[in-house]
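Residue strings, one per chain:
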Amino acid sequence: MNYKKNRVCPVEIAGGLDNRFRRWLQNPRKILKPYIKEGMAVLDFGCGPGYFTIEIAQMVGKFGRVIAADLQEGMLQKLRGKIHGIEVESRIALHRSEANKIGLSEKVDFALAFYVVHEIPNQKEFFKELESILHPSGQVLVVEPPFHVSKSAFADTIGKARDAGLKPAKGPKILFSKTVTLKKG
Ligand SMILES: C[S@@+](CC[C@H](N)C(=O)[O-])C[C@H]1O[C@@H](n2cnc3c(N)ncnc32)[C@H](O)[C@@H]1O
């Protein structure tokens, strides 16, 4: 995952985000099991090539739904190719978001923002919009990379989430990560 601070992760390195080695270190099902139940509507925000998306679609079952949102059409294109013709394809909606606008009106039960928040120019607006599409009992898991997101930058992110009406709580332990969970305040 060789991308620079405050830059959007290039499509050319998407392969580095979805491989067997990462599965050993950051197993999607193990990470997401406490948060995702069958029938849920889940937002995989900044889905990239879909490392988490397909697993989420399996976890929500046939009555659940996943919105995989990303800024870059190239990332969505990779994911589109991966899900084409597989069983969970109909549960996954691909959505192109803008740099400072998620652009969804559908409410979600859970949102994952894995290694993406530091790439968002206006985090305050992002959390405000996220709060507005979260069900009252909904939850968000924010995971940031530890090396180019400093302790103070992460604290700043949590402060912005709090300002947007989201209540932070200690996140799970995930290798190579800083984490926080957020609920409606
Ligand atoms: C480092 S990748 C992480 C991908 C995926 N979450 C994962 O963990 O494998 C960050 C992704 O967030 C997307 N992204 C960056 N800024 C974004 C924004 N403002 N809105 C939506 N997606 C964004 C990038 O295009 C990229 O696909």
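Structure's up top.
Here is what the cut-offs are and how they apply
Residues numbered from 1 in each chain as written. Predicted model: local features only at pLDDT ≥ 70, side-chain atom pairs only at ≥ 80, totals over all residues. Heavy atoms only, no water. Helix = DSSP H or I, 4+ residues; strand = E, 2+ residues; numbered from the N terminus. Buried < 20%, exposed > 50% of the residue type's maximum accessible area, 1.4 Å probe, protein only. Contact = heavy atoms within 4.5 Å. Near = heavy atom within 4 Å. Polar contact = N/O pair within 3.5 Å; in protein donor to acceptor, adjacent residues only side chain to side chain. Areas by Shrake-Rupley, 256 points an atom, 1.4 Å probe, with all protein chains shown as cover. Phe/Tyr/Trp six-rings, centres within 6.5 Å; stacked < 30°, edge-to-face > 60°. Lys NZ or Arg CZ within 6 Å of the ring centre and 35° of its normal. Salt bridge = Lys/Arg side-chain N within 4 Å of Asp/Glu carboxyl O.

Which residues make up the side chain of threonine 181, and what values do they have?
The topology assignment puts threonine 181 in strand β7 (residues 178–184). Judged by relative accessible area, which is 6%, threonine 181 ranks as buried. Ignoring sequence-local partners within four residues, the contact set of threonine 181 consists of Tyr35, Gln139, Val140, Leu141, Lys167, Pro168, Ala169, Lys170, Gly171 and Pro172.

Before we move on, could you go through the site of the ligand and cite the residues and values that matter?
Close to the ligand lie 22 residues; Arg22, Gly46, Asp70, Gln72 and Phe114 are nearest. Taking leucine 71, its main chain carries an N or O atom lying 3.2 Å from a nitrogen atom of the ligand. A distance of 2.7 Å is found between an oxygen atom of the ligand and a side-chain nitrogen or oxygen belonging to glutamine 72. In the complex, 100% of the free accessible area of the ligand, which totals 600 Å², lies under the protein chains.

Describe the packing of aromatic side chains, naming the residues involved and giving the relevant values.
Under the counting rule described, the total for this entry stands at eight aromatic pairs. Centre to centre, the rings of tyrosine 51 and phenylalanine 52 are 4.9 Å apart; their planes meet at 85°, and the pair counts as edge-to-face. By relative accessible area, tyrosine 51 is classed as buried at 4%. You can call phenylalanine 52 buried: its relative accessible area is 4%. Among the aromatic side chains, those forming a connected cluster through ring pairs are Tyr51, Phe52, Phe114 and Tyr115. In this structure, arginine 22 packs its charged tip against the face of tyrosine 51, placed 4.1 Å from the ring centre.

Describe the pattern of salt bridges, listing the residues and the values that go with them.
Enumeration over the complete set of coordinates arrives at eleven salt bridges. Of the charged contacts, one joins arginine 23 and aspartate 18 as a salt bridge, the two residues approaching to 3.0 Å between their closest N and O atoms. You can call arginine 23 partly exposed: its relative accessible area is 30%. Relative accessible area serves as the criterion here: at 24%, aspartate 18 is assigned to the partly exposed category. Several salt bridges converge on common partners, so that one network encompasses Asp18, Arg23, Arg29, Glu55 and Lys82.

A description of the side chain of glutamine 26 should follow, citing residues and the corresponding values.
For glutamine 26, the position within the fold is in the loop between α1 (20–25) and α2 (28–32). Relative accessible area serves as the criterion here: at 2%, glutamine 26 is assigned to the buried category. In this structure the side chain of glutamine 26 is engaged in a polar contact, spanning 2.9 Å, whose partner is the backbone oxygen of leucine 175. Glutamine 26 has contacts with Ile31, Tyr51, Phe114, Tyr115, Ile174, Leu175, Phe176 and Ser177, leaving out every residue within four places of it along the chain.

Geometry only, nothing functional implied.
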